[in-house]
Protein chains: 2
Amino acid sequence: MEPAIILVRPQLGMNIGMVARAMANFGLSDLRLVAPRDGWPNPDAGPPAAGADHVLDGARTFGTVHEALADCSLTFATAFRPRDVMKPVISPRQAMQDIRTQGLKAGILFGPERSGLLTADLISVQTIITIPASPDFASLNLAQAVLVLAYEWFGAEAVPPVSPAREPAPHGELQGLLGHLFAALDQAGYFHPPHRTAATQRTLAGIMSAARFTSDEVRTLRGVIRALARTRG
Amino acid sequence: MEPAIILVRPQLGMNIGMVARAMANFGLSDLRLVAPRDGWPNPDAGPPAAGADHVLDGARTFGTVHEALADCSLTFATAFRPRDVMKPVISPRQAMQDIRTQGLKAGILFGPERSGLLTADLISVQTIITIPASPDFASLNLAQAVLVLAYEWFGAEAVPPVSPAREPAPHGELQGLLGHLFAALDQAGYFHPPHRTAATQRTLAGIMSAARFTSDEVRTLRGVIRALARTRG
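Residues numbered from 1 in each chain as written. Chains lettered and ligands numbered in written order. Predicted model: local features only at pLDDT ≥ 70, side-chain atom pairs only at ≥ 80, totals over all residues. Heavy atoms only, no water.

## What to know about the interface of chain A and chain B
Logical step 1: Residue-level contacts link 46 residues of chain A with 46 residues of chain B.
Logical step 2: Carbon and sulfur atoms make up 63% of the surface buried where chain A meets chain B, a total of about 4100 Å² over both sides.
Logical step 3: Measuring nitrogen to oxygen at the nearest pair gives 3.7 Å for the salt bridge that ties B:Glu152 to A:Arg93.
Logical step 4: At the junction of chain A and chain B, the tally comes to 12 residue pairs in polar contact (both at pLDDT 80 or more).
Logical step 5: Of all the secondary structure elements, the ones that give two or more residues to the side of chain A that touches chain B are α1 (13-25), β5 (89-90), α5 (92-102) and α7 (142-154) of chain A.
Logical step 6: Considering every element that reaches the side of chain A that touches chain B, the biggest residue donor is α7(A), with seven residues.
Logical step 7: Taken together, the residues of the side of chain A that touches chain B break down into 29 nonpolar, 10 polar and seven charged. (Contact = heavy atoms within 4.5 Å. Buried area = accessible area lost by both parts, 1.4 Å probe. Salt bridge = Lys/Arg side-chain N within 4 Å of Asp/Glu carboxyl O. Polar contact = N/O pair within 3.5 Å; in protein donor to acceptor, adjacent residues only side chain to side chain. Helix = DSSP H or I, 4+ residues; strand = E, 2+ residues; numbered from the N terminus. Nonpolar A, V, L, I, M, F, W, Y, C, P; charged D, E, K, R; others polar.)

See below:
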């Protein structure tokens, strides 16, 4: 069940739009706004959402954090090294794994742009999420913080990258290429002195096999060898 | 060795500023710009950098992708499901692990806001990085794409979250609390019928131990019990 992204007292419509885009990038759509400063809907949110209109259109507003969290069995707040709050502090990855594993509705609070969440907001939730970041410069933009959580929700490894269409040529084709190359080089007087020939050929064979050329590339390279050999001849 | 973040033909100064902030959030500082549309420096980059001035000040500009990559032994480009390019495609996490493990200078290309990288740019690098994202809405904002890479560079698990200051009270304190609670409830006639007393106490003990109260919390709760018991007496 997808977690709700809950922006608490967000200030700029632009940031709400960027949050919507970041959510849509990773398949999230349950956006909730607690007391947005400039009201809702906010026309400034549209352009930066870059087409994530379904997220903005579906956004719901609430008067308080408690109302926004009412249907959530798992409650989280994002904060950087909260000092006065005695709560478990976990990473975005751990939080998203928890939510996925437990299969319960979760709500995640994000504070206003400048100030972050109040201690009162942090006290209301079960768990604090801290995004690991540079201690010297730990304040993430609101949409960037949402992005990290959404990215971890989607599962950084969940969808394997598109499988490389690159398929190395069968060994025989590589051997054909090497045979062709050695013959052309021999013709050109490259193997000198003769007793070094085997070692030089081994070096070339190593280079060519490590490159994992595809069949197309092998054909191209044989054309190159042919052309060069022709020039000399 | 930290990878270079290389923005190829970036359009908006604002986005360059947001990239600088995202880099600084995760300890990166080697920013390179290839043919930025509006020249460089660009005053629009300042405000969204939100204090990441050292990254902007250190940014270098280049005329071509090849010049920007010249000192990089590992070369990457970010792209979503590139079709015509026969290259290995890996995830941000894999790429950052590679860079960390190999300890070599790496450069990562990011395309312009609207169009992404050209096929010619993709062909110049060794490896493509694809950020796993929703197939319906896969286009990340430029700074968001940089953020994901920077986040993975920093190591999502590298810095453990601040250790929870929350330390469950020693078992004896919890037992003291339970004894106190049971005595007060007994006084209040809560345990009825009597043959259910042991089962009810087990239930309460289960609830109280799962909560992992701290010593402070145990003290507070004993005050609560004392106060409630006083009211009744």
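Read on, since the account is not over.
## Overview of the pattern of salt bridges
Opposite charge on two side chains allows them to pair when their charged atoms are near.
Logical step 1: Across all of its chains, the model carries 18 salt bridges over all chains by this definition.
Logical step 2: Several salt bridges converge on common partners, so that one network encompasses A:Asp30, A:Arg32, A:Arg60, A:Asp71 and A:Lys105.

## Things to note about the sheet that holds strand β2 (residues 31-34) of chain B
Residues and elements named next belong to chain B.
Logical step 1: As summarised here, the arrangement of the seven strands in space is β3-β2-β1-β6-β4-β7-β5, forming an open sheet in which the pairing is parallel. Two strands close off the open sheet at either side, each with one partner strand: β3 (60-62) and β5 (89-90).
Logical step 2: Across three bridges, the pairing between β2 and β3 is parallel. Paired with Val34 across the two strands is Phe62, which belongs to β3.
Logical step 3: Each of β1 (4-8), β4 (74-78), β6 (106-110) and β7 (127-129) touches helix α7 (residues 142-154); the most contacted strand, β6, lies at about 155° to it. (Pairing = 2+ DSSP bridges. Axes fitted to C-alpha atoms, helices over the stretch in contact; angles between N-to-C directions.)

## Section: the relation of the copies chain A and chain B
The operation relating the two chain copies consists of a rotation about an axis and a shift along that axis.
Logical step 1: Once chain A is rotated about the relating axis by 180° and shifted along it by 0.1 Å, it coincides with chain B to within an RMSD of 0.2 Å. What the rotation and shift describe, once combined, is the action of a two-fold rotation axis.
Logical step 2: Comparing interface residues between copies, 100% of those in chain A also sit at the interface in chain B, which points to an isologous, same-surface contact. (Least-squares fit on C-alpha atoms with pLDDT ≥ 70 in both.)

## A short note on the pairing of β4(B)
Two faces, one strand: in a regular strand the side chains alternate between the faces of the sheet.
Residues and elements named next belong to chain B.
Logical step 1: Of all five residues in β4, five are buried, a share of seventy percent or more.
Logical step 2: Side-chain alternation along β4 places Leu74, Phe76 and Thr78 on one buried face and Thr75 and Ala77 on a second face that is also buried.
Logical step 3: Note: β4 against β6, four bridges, orientation parallel. When the sheet's bridge partners are listed, Ala77 is paired in β6 with Leu109. (Buried < 20%, exposed > 50% of the residue type's maximum accessible area, 1.4 Å probe, protein only.)

## Regarding the nonpolar core
Most often, soluble globular proteins keep nonpolar side chains buried together rather than apart.
Logical step 1: If you look at the biggest cluster of nonpolar residues, it comprises 90 residues, and the most contacted ones within it are A:Leu7, A:Leu31, B:Leu7 and B:Leu31.
Logical step 2: Residues contacting A:Leu7, with those up to four places away along its chain left out, are A:Ile16, A:Val19, A:Leu31, A:Arg32, A:Leu33, A:Val34, A:Phe110, A:Leu142 and A:Val146. (Core = buried A, V, L, I, M, F, W, Y, C linked by side-chain atoms within 4.5 Å.)

## Observations concerning the sheet that holds β5(A)
Residue and element names in this part refer to chain A.
Logical step 1: The seven strands lie next to each other as β3-β2-β1-β6-β4-β7-β5, forming an open sheet whose pairing is parallel. Strand pairing shows two members of the sheet lacking a second neighbour, β3 (60-62) and β5, which therefore form its edges.
Logical step 2: α7 rests against β1 (4-8), β4 (74-78), β6 (106-110) and β7 (127-129) of the sheet, and its axis sits at about 155° to β6.

## What to know about the environment of A:Thr197
Residues and elements named next belong to chain A.
Logical step 1: Looking at the secondary structure, you find Thr197 in helix α9 (residues 197-210).
Logical step 2: Along the chain, Thr197 and Phe182 lie 15 residues apart, while their C-alpha atoms are 9.6 Å from each other.
Logical step 3: Among the polar contacts listed, one links the side chain of Thr197 to the backbone oxygen of Pro194, at a separation of 2.7 Å.

## Digging into empty space enclosed by the protein
Logical step 1: For the structure on display, the rule yields two cavities of 30 Å³ or more.
Logical step 2: Reported here for the second largest cavity is a volume of approximately 30 Å³.
Logical step 3: A:Met18, A:Arg21, A:Ala22, A:Asn25, A:Pro48, B:Asn141 and B:Gln144 are the residues that line the second largest cavity.
Logical step 4: The dominant element in the lining of the second largest cavity, judged by the number of residues it contributes, is α1(A), at four residues.
Logical step 5: The residue inventory of the lining of the second largest cavity, partitioned by class, reads three nonpolar, three polar and one charged. (1 Å grid on protein atoms, 1.4 Å probe; cavity = no way out; pocket = protein on both sides within 12 Å on 5 of 7 lines; lining within 4 Å. Points joined across faces, edges and corners; volume = space filled by probe spheres on them.)

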